[in-house]
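# Reading the structure
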Amino acid sequence: MKKTLALVTAFSLMGAAQAEDLFVNIHSGQAMAQGAGLVLAGQALEQKAQVRVLLCDAAGDIALVGKEMPTLKPRNVTPQQMLQGLIKSGAKVEVCALYLPNTGKQASDLIPGVTPAKPADVAAHLLKPNVKTLGF
């Protein structure tokens, strides 16, 4: 019995040590594409993955304070509301390093919980084992 319990514990710890990371890169300006990426990120969080979202190009606008966006069915939420839910659930959310300087925006224009990305940090994260990537 002790041997079986030890094996079960060892396999459980191996599974915990190999928890998946999901890196979601959203660059589309289309609300449904943005929403699809955000929905999958939310599902991954619910399944205990570590989630990191990088918003680039037109998708960076999701993170702007006061940005008006279409409401997406079936939950009747905007991409920004979805993003805020991810942040509250523990996702790390960044705008790509090119977004702010090329849009004339500042970090203070971003909703709480969104920060400018550091390319070296993003690259190091992507090179880690067990990181899955999605692009929208």
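Relevant structure appears above.
The notes below deal with the structure included here. (Residues numbered from 1 in each chain as written. Predicted model: local features only at pLDDT ≥ 70, side-chain atom pairs only at ≥ 80, totals over all residues. Heavy atoms only, no water.)

Across the interface, helix α2 (residues 31–46) lies against helix α3 (residues 79–88) with an axial gap of 9 Å and an inter-helix angle of 20°. By the angle class used here, α2 and α3 are roughly parallel. The crossing of α2 and α3 is left-handed. Side by side, α2 and α3 meet where Ala31, Gln34, Gly35, Leu38, Val39, Ala41, Gly42 and Leu45 of the first sit next to Pro79, Met82, Leu83 and Leu86 of the second. Looking at the contact of α2 with α3 residue by residue, the class counts come to nine nonpolar, three polar and no charged. (Axes fitted to C-alpha atoms, helices over the stretch in contact; angles between N-to-C directions. Helix = DSSP H or I, 4+ residues; strand = E, 2+ residues; numbered from the N terminus. Parallel < 35°, antiparallel > 145°, perpendicular 65-115°, else oblique. Left-handed = near helix turned anticlockwise from the far one by under 90°. Contact = heavy atoms within 4.5 Å. Nonpolar A, V, L, I, M, F, W, Y, C, P; charged D, E, K, R; others polar.)

Take the sheet that holds strand β5 (residues 131–135) next. Backbone-to-backbone hydrogen bonds pair the strands of a sheet. The strands run either parallel or antiparallel. The sheet built from five strands is open, its strands ordered β4-β3-β2-β1-β5 with parallel pairing. Lying at the two open borders of the sheet, with one neighbouring strand each, are β4 (114–116) and β5. Each adjacent strand pair in this sheet contributes to an overall mean axis angle of 25°, direction not counted. Lying on the sheet, α2 is in contact with β1 (21–26), β2 (50–55) and β5; it crosses β1 at an angle near 170°. (Pairing = 2+ DSSP bridges.)

Let's shift gears to α2. Helix length check: α2 (16 residues) gives 22 Å between terminal C-alpha atoms against 22 Å at 1.5 Å per residue, within 8%. All buried positions along α2 are accounted for by Ala31, Gln34, Gly35, Gly37, Leu38, Ala41, Gly42, Ala44 and Leu45. Along its buried surface, α2 packs onto β1, β2 and α3. (Expected span 1.5 Å × (residues − 1). Buried < 20%, exposed > 50% of the residue type's maximum accessible area, 1.4 Å probe, protein only.)

What follows concerns the pattern of salt bridges. Taken as a whole and assessed by the stated rule, the structure comprises two salt bridges. With a closest N to O distance of 3.0 Å, Asp21 and Lys128 form a salt bridge. Highlighted residues: Asp21 in strand β1 and Lys128 in the loop between α5 (119–126) and β5, separated in sequence by 107 residues. With a relative accessible area of 39%, Lys128 lands in the partly exposed category. Between Glu94 and Arg52 there is a salt bridge whose closest N-O contact spans 2.8 Å. With Glu94 in strand β3 (residues 92–95) and Arg52 in strand β2, the pair connects residues that are 42 residues apart, well separated along the chain. Neither residue differs from the other here; Glu94 and Arg52 are each classed as buried. (Salt bridge = Lys/Arg side-chain N within 4 Å of Asp/Glu carboxyl O.)

All right, on to the nonpolar core then. By size, the foremost hydrophobic cluster in this structure holds 38 residues, and its most contacted members are Val51, Val53, Leu55, Leu83, Val93, Val95 and Val114. If one sorts the elements of this core by residue count, α2 sits on top with five residues. Once residues lying within four places of it in the same chain are set aside, the contact partners of Leu55 are Ile26, Gly60, Ile62, Ala63, Leu83, Val93, Glu94, Val95 and Cys96. (Core = buried A, V, L, I, M, F, W, Y, C linked by side-chain atoms within 4.5 Å.)

Time to look at the environment of His27. Mapped onto the elements, His27 comes out in the loop between β1 and α2. Through-space distance from the C-alpha of His27 to that of Val95 is 9.9 Å; in sequence the pair is 68 residues apart. Excluding residues that lie within four positions of it along the chain, His27 makes contacts with Cys56, Asp57, Ala58, Ala59 and Phe136.

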